[in-house]
Amino acid sequence: MPVNLLAETAPRSTVFDLVLIVHIAAVVVSLVIMVAMYAAAISLGRGVPGRAWPGGAVRFFSPGREVAGRTLYLIPLSGIVLVLVSHESYTFSTSFVVSGSVLWLIGIVVAEVMIFRSASRLRLLISRQSVVPEVTQWSRPVSLLRWGIDAVVFLLILGSILMVAQP
């Protein structure tokens, strides 16, 4: 007996497709921003005490709040809209929706605690000192930033796999 796979696919509507594109774009943009931040952190790690901060890192860690990284918040917002426009094909209790939500919550806690705090400390340090201070003043925030980005990127990839597989 042939299996009808179309019955198990996503609902078909223009609104659903558009929101799905926004949802996927939010993940891709978040990944790109995390990779850019990681590259800037690597650049900072090459700083030599007594010399000027690396130019790319100075541009990336310019004064202000970390707004770009907060695109992570668009992922669940677009996911909620996706569930709402799915014509009840998906619910908030669907296993992959729940699992994805848990992964996102873990990721945002890691991002807020490790990434955004460390980036804020680095922004402050770079804006106050034009030359690289002793390693002890900046190595810990750089390390936390990099580990946090590793974790968030891993969770984004894992969540993406989960959303495609929909177990």
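None of these values were measured; they are calculated from a predicted model.

Overview of helix α3 (residues 74-84)
Thinking step 1. Along α3, the residues that are buried comprise I75, S78, G79, L82 and V83. Taken down its axis, α3 places every buried residue within 145° of arc, on the same side. Residues L77 and L84 are exposed on α3 and point more than 90 degrees away from its buried face.
Thinking step 2. Buried residues along α3 sit in contact with α1 (14-45), α4 (95-128) and α5 (135-165).

A short note on α5
Thinking step 1. The first and last C-alpha atoms of α5 sit 44 Å apart over 31 residues, in line with the 45 Å expected at 1.5 Å per residue.
Thinking step 2. By the burial criterion, the buried members of α5 are W138, P141, V142, L145, G148, I149, V152, V153, L155, L156, G159 and L162.
Thinking step 3. Where α5 terminates, the next one or two residues include Q166, which has phi positive at roughly 45°.

Let's talk about the UniProt feature "transmembrane region" (unreviewed entry) in the chain
Thinking step 1. In the numbering used here, UniProt assigns the feature "transmembrane region" (unreviewed entry) to residues 20-41, 71-90, 96-116 and 147-165.
Thinking step 2. Its end C-alpha atoms 24 Å apart, residues 71-90 is made of 55% helix and 0% strand.

A closer look at the packing of α1 against α3
Thinking step 1. For the pair α1 and α3, the least separation of the axes is 9 Å and the interaxial angle reads 165°. As judged from the angle between their axes, α1 and α3 are roughly antiparallel. Classified by chirality, the crossing of α3 by α1 is left-handed. Contacts between α1 and α3 pair F16, V19, L20, V22, H23, A26, V27 and S30 from the former with L74, I75, S78, G79, V81 and L82 from the latter.
Thinking step 2. Taken together, the residues that form the contact of α1 with α3 break down as 10 nonpolar, four polar and no charged.

Examining unusual backbone geometry
Thinking step 1. A positive phi is found at H87, a non-glycine position, where the angle reads about 55°.
Thinking step 2. Note that H87 resides in the loop between α3 and α4.
Thinking step 3. For H87, a relative accessible area of 60% translates into the label exposed.
Thinking step 4. Within the chain, E88 stands out as a residue other than glycine whose phi angle is a positive 65°.
Thinking step 5. Inspection of the secondary structure assignment puts E88 in the loop between α3 and α4.

A closer look at the nonpolar core
Thinking step 1. L44, F61, L72, I115, L145 and V152 are the most contacted members of the largest nonpolar core, which has 30 residues in total.
Thinking step 2. Of all the secondary-structure elements, those providing two or more residues to this core are α1, α4 and α5.
Thinking step 3. Broken down by element, the residue count for this core peaks at 10 residues, all from α4.
Thinking step 4. Setting aside residues up to four positions removed in sequence, L44 forms contacts with W53, A57, F61, L122, I126, W138 and V142.

Focus: the environment of L77
Thinking step 1. Looking at the secondary structure, you find L77 in helix α3.
Thinking step 2. Assessed through its relative accessible area of 51%, L77 is described here as exposed.

Rules used throughout
- Along each chain, the written sequence defines residue order, and numbers are assigned to residues from 1.
- With pLDDT at 70 or above as the cut-off, local features in this predicted model cover only qualifying residues; side-chain atom pairs require 80 or more to be listed or tallied, and sums for whole chains, interfaces and linings still use all residues.
- Hydrogens and water are ignored here; the side-chain numbers use all heavy atoms of the structure.
- Buried residues are those whose accessible area, probed at 1.4 Å on protein chains only, stays under 20% of the maximum for their type, while exposed residues exceed 50% and partly exposed ones sit between those limits.
- By definition, any uninterrupted DSSP run of H or I lasting at least four residues is a helix, any uninterrupted run of E lasting at least two residues is a strand, and each is numbered from the N terminus.
- In this description, the arc belongs to the directions extending from the helix axis to the C-beta atoms.
- Residues are treated as being in contact if the distance between any of their heavy atoms lies within 4.5 Å.
- A helix is expected to span 1.5 Å multiplied by its residue count minus one.
- UniProt positions are given in the numbering used here, feature names are shortened, and annotations may be inferred rather than shown by experiment.
- Lines fitted to C-alpha atoms define the axes, with helix axes restricted to the stretch in contact, and inter-axis angles between N-to-C directions lie between 0 and 180 degrees.
- Throughout, the term roughly parallel applies to angles under 35 degrees, roughly antiparallel to angles over 145, roughly perpendicular to angles from 65 to 115, and oblique to all others.
- By convention, the crossing between two helices is left-handed when the near helix turns anticlockwise from the far helix through less than a right angle, and right-handed when the turn is clockwise.
- Residue polarity follows a fixed list, in which Ala, Val, Leu, Ile, Met, Phe, Trp, Tyr, Cys and Pro are nonpolar, Asp, Glu, Lys and Arg are charged, and the others, Gly among them, are polar.
- Only buried residues count toward a nonpolar core. Its members are Ala, Val, Leu, Ile, Met, Phe, Trp, Tyr and Cys residues joined through side-chain atoms within 4.5 Å.

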